[in-house]
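# Coordinate inspection notes
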Amino acid sequence: MGKGKTLGIIAALVGAAAASALFMYTNGSDRPQAKDDLLGPAPAGKPAQAGGKGIIAGTLEPSLRYEKENGAYVFTFTVKNQTERVQTVTFTSGKKYDYILYRDGQKVKQFSEGKMFTQIYEERTLKPGEELSFQETFRGLEPGEYALEWWLADRNWPNARAKVTFTVE
């Protein structure tokens, strides 16, 4: 066998091995993804057709509620997995959420403003029906019409945000 043929066979074998390794690397992950296949999460309250895999009911459903306790307002932001699959929420820093509080249309406070967060990577898996909740308390609010907009700090779930309005007298 000539030198050229030998090099050609070796190059073909190396190429096949590299392609095989690449295929195994990109498809070998059993880790749940934040989005359902290539379609992404369904809009809130609407089922999405997932390439022949049946209907996925909903998405990560956000909610924001509050209770007034001794003059303070206690807010709870929750995201619930409303799909039929395990979903993953990914945090790329210590900031797991953010919010902006408005009074009479003007920004009063943003949670992340002026803060530094640890550089840590964390994944939280949510089984179907499971929730992830966060809580903040506001004290000493001046009278006015307020709006609080709160969202999950995971770019894979841009619709995991909620807003509530309330009045302080």
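This section reports on the structure supplied with the text.

Rules used throughout
Residues numbered from 1 in each chain as written. Predicted model: local features only at pLDDT ≥ 70, side-chain atom pairs only at ≥ 80, totals over all residues. Heavy atoms only, no water. Buried < 20%, exposed > 50% of the residue type's maximum accessible area, 1.4 Å probe, protein only. Helix = DSSP H or I, 4+ residues; strand = E, 2+ residues; numbered from the N terminus. Pairing = 2+ DSSP bridges. Axes fitted to C-alpha atoms, helices over the stretch in contact; angles between N-to-C directions.

All right, on to the pairing of strand E4 (residues 72-81) then. Regular strands place side chains that alternate from one sheet face to the opposite one. Counting buried positions over the ten residues of E4 gives nine, a clear majority of the element. When strand E3 (residues 60-69) meets E4, the two strands line up antiparallel, connected through ten bridges. Bridge assignment links glutamate 61 to a residue of E4, and that residue is lysine 80. For E4 and strand E9 (residues 131-138), the ladder comprises eight bridges, and the chain directions are antiparallel.

Within the open sheet, the four strands sit side by side as E7-E6-E10-E11. Their pairing is antiparallel. Only two strands of the sheet have a single neighbouring strand rather than two, namely strand E7 (106-110) and strand E11 (161-168). The mean angle between the axes of side-by-side strands here comes to 20°, regardless of whether they run parallel or antiparallel. In this structure, strand E6 (residues 97-103) lies alongside E7, joined through four bridges in antiparallel fashion. Paired with tyrosine 102 across the strands is lysine 107, a residue of E7.

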